[in-house]
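Fold and contact review
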Amino acid sequence: MSGLSGLLGLEGVGADTLLTLLDLAESMRDVLTRPIKKVPTLRGKSVINAFFEPSTRTRMSFEYAAKVLSADVMNFSASNSSLTKGETLLDTARTLEALKPDILVVRHGASGAPHFLASRLGCAVVNAGDGIHEHPTQALLDLLTVREHRGDFDGLAVAIIGDIAHSRVARSAIHGFVTLGASVRVAGPRTMLPIGIETLGVEAFDRVEPALEGADVVMMLRIQRERLGAVPLFPTLREYSRVFGLNADRLRLAADDALVMHPGPMNKGVEIAPDVADGPWSVILEQVTNGVAARMAVLYLLAQGRAGADAWLKGGLR
Ligand code: NCD
């Protein structure tokens, strides 16, 4: 993967690169189960987490991933920064760059913000979620979780259900699953299905049932209320939940051993019933654990390059 100078999205990332990242992540996951959860490989490297939007899982996961690899981590959060004193995004980012990080991890409410910074800064930039665009490390952890349970992606039917239009998770997941050979169906209210979504290689449904039929993976998404405009996209939450929510009855339409996934934060009782979220089909907490491994893989590959990844996979660096 020489040439991977950052990770801004999964669009255009080939199967070969994705599989290398998944292989790396799988072996990184072993590190997390050791009594001493630390390897020295990124000692002397530094990572800045710059989060301009709220986050629980993603920020902690990047921080922990960097620490397990022995990198130094600095955390920046917009709400208590000079942004509140009128500094621009670029000036804030240049200030962070002046601390000489090797990798800048960026989450921002504007689609394209990490790309904007990547073209202006000298360090590697990783997109930790930009607006409604992409969230590549979330898709990697989703792929990792599915591969752990199913072995590979050929012939798998993946249903992604909910607010597709405002979901960066959906867009990255679609790119990743389609590239690795799964068939992807998306479903949601018509007002939440982007026009032309089929061009990404998915089937789109305005009802949940046909998308769930025989699905091996069911990924539920939160309604991204903070991104909805003033015009309501569905009548009431109650109705949304009744028509588009995943409950145990509906889940019976999917394959018997279907995996239930959710990137979090969940709105239990809206898009997913509590007994389904916490039920035997759910891999939602495994997704969180796998997030650390996936981010370790990304940080590692960016810092050490393809040769480093090969050496790690051969077992020489562990
Ligand atoms: C998602 C996000 O922020 O894009 N969460 C996450 O990173 N795990 C999804 C969401 O906010 O609904």
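Cut-off values and rules
Residues numbered from 1 in each chain as written. Predicted model: local features only at pLDDT ≥ 70, side-chain atom pairs only at ≥ 80, totals over all residues. Heavy atoms only, no water. Near = heavy atom within 4 Å. Polar contact = N/O pair within 3.5 Å; in protein donor to acceptor, adjacent residues only side chain to side chain. Areas by Shrake-Rupley, 256 points an atom, 1.4 Å probe, with all protein chains shown as cover. Nonpolar A, V, L, I, M, F, W, Y, C, P; charged D, E, K, R; others polar. Helix = DSSP H or I, 4+ residues; strand = E, 2+ residues; numbered from the N terminus. Buried < 20%, exposed > 50% of the residue type's maximum accessible area, 1.4 Å probe, protein only. Core = buried A, V, L, I, M, F, W, Y, C linked by side-chain atoms within 4.5 Å. Domains from an automatic or database assignment. Contact = heavy atoms within 4.5 Å. Buried area = accessible area lost by both parts, 1.4 Å probe. Salt bridge = Lys/Arg side-chain N within 4 Å of Asp/Glu carboxyl O.

1. Quick word on the site of the ligand
Near the ligand the following residues occur: Thr58, Arg107, His135, Gln138, Arg168, Val169, Arg222, Gln224, Pro263, Gly264 and Pro265. Within the side chain of Arg222, one N or O atom sits 2.7 Å away from an oxygen atom of the ligand. Protein chains shield 94% of the accessible area of the ligand, which is 310 Å² for the free molecule. Its residues assigned to classes, the shell around the ligand comprises three nonpolar, five polar and three charged.

2. A closer look at unusual backbone geometry
With an omega of -10°, the peptide bond running from Gly264 to Pro265 counts as cis. Assignment of secondary structure puts Pro265 in the loop between β9 (259-261) and α10 (274-277). For Ser70, which is not glycine, the phi dihedral falls at a positive 70°. Among the residues examined, Ser70 registers a relative accessible area of 15% and is labelled buried. In the Ramachandran plot, Lys100 falls in the positive-phi region, its phi being about 65° despite a non-glycine side chain. Within the secondary structure, Lys100 sits in the loop between α3 (89-97) and β3 (103-108).

3. Looking at the nonpolar core
Of all hydrophobic cores here, the largest spans 67 residues; its most connected members are Phe153, Ile160, Phe177, Val186, Met296 and Leu299. Looking at this core, you find at least three residues from each of domain 1 (6-133 + 289-313) and domain 2 (136-287). Counting residues in hydrophobic clusters, the runner-up holds 27 residues, among them Ile161, Met220, Leu251 and Ala258.

4. With respect to the domain arrangement of the chain
According to the domain assignment, the chain consists of domain 1 (6-133 + 289-313) and domain 2 (136-287). Taken over C-alpha atoms, the centre of domain 1 sits 25 Å from the centre of domain 2. Taken residue by residue, the interface counts 36 residues in domain 1 and 29 residues in domain 2. Interface area, domain 1 with domain 2, both sides summed: about 2500 Å², of which 60% is carbon and sulfur. The three residues of domain 1 that bury the most area against domain 2 are Leu10, Leu22 and Ile132, which together make up 25% of that side's buried surface. A salt bridge links Arg29 to Glu148, with the shortest nitrogen-to-oxygen separation between them at 3.1 Å. On the surface where domain 1 and domain 2 come into contact, there are 18 residue pairs in polar contact (both at pLDDT 80 or more). When residues of the side of domain 1 that touches domain 2 are traced back to their parent elements, those giving at least two are α1 (15-32), α2 (57-68), β3, β4 (124-130) and α11 (284-313). Tallying contributions element by element places α1 first for the side of domain 1 that touches domain 2, with nine residues. Of the residues in the side of domain 1 that touches domain 2, the class split is 16 nonpolar, 11 polar and nine charged.

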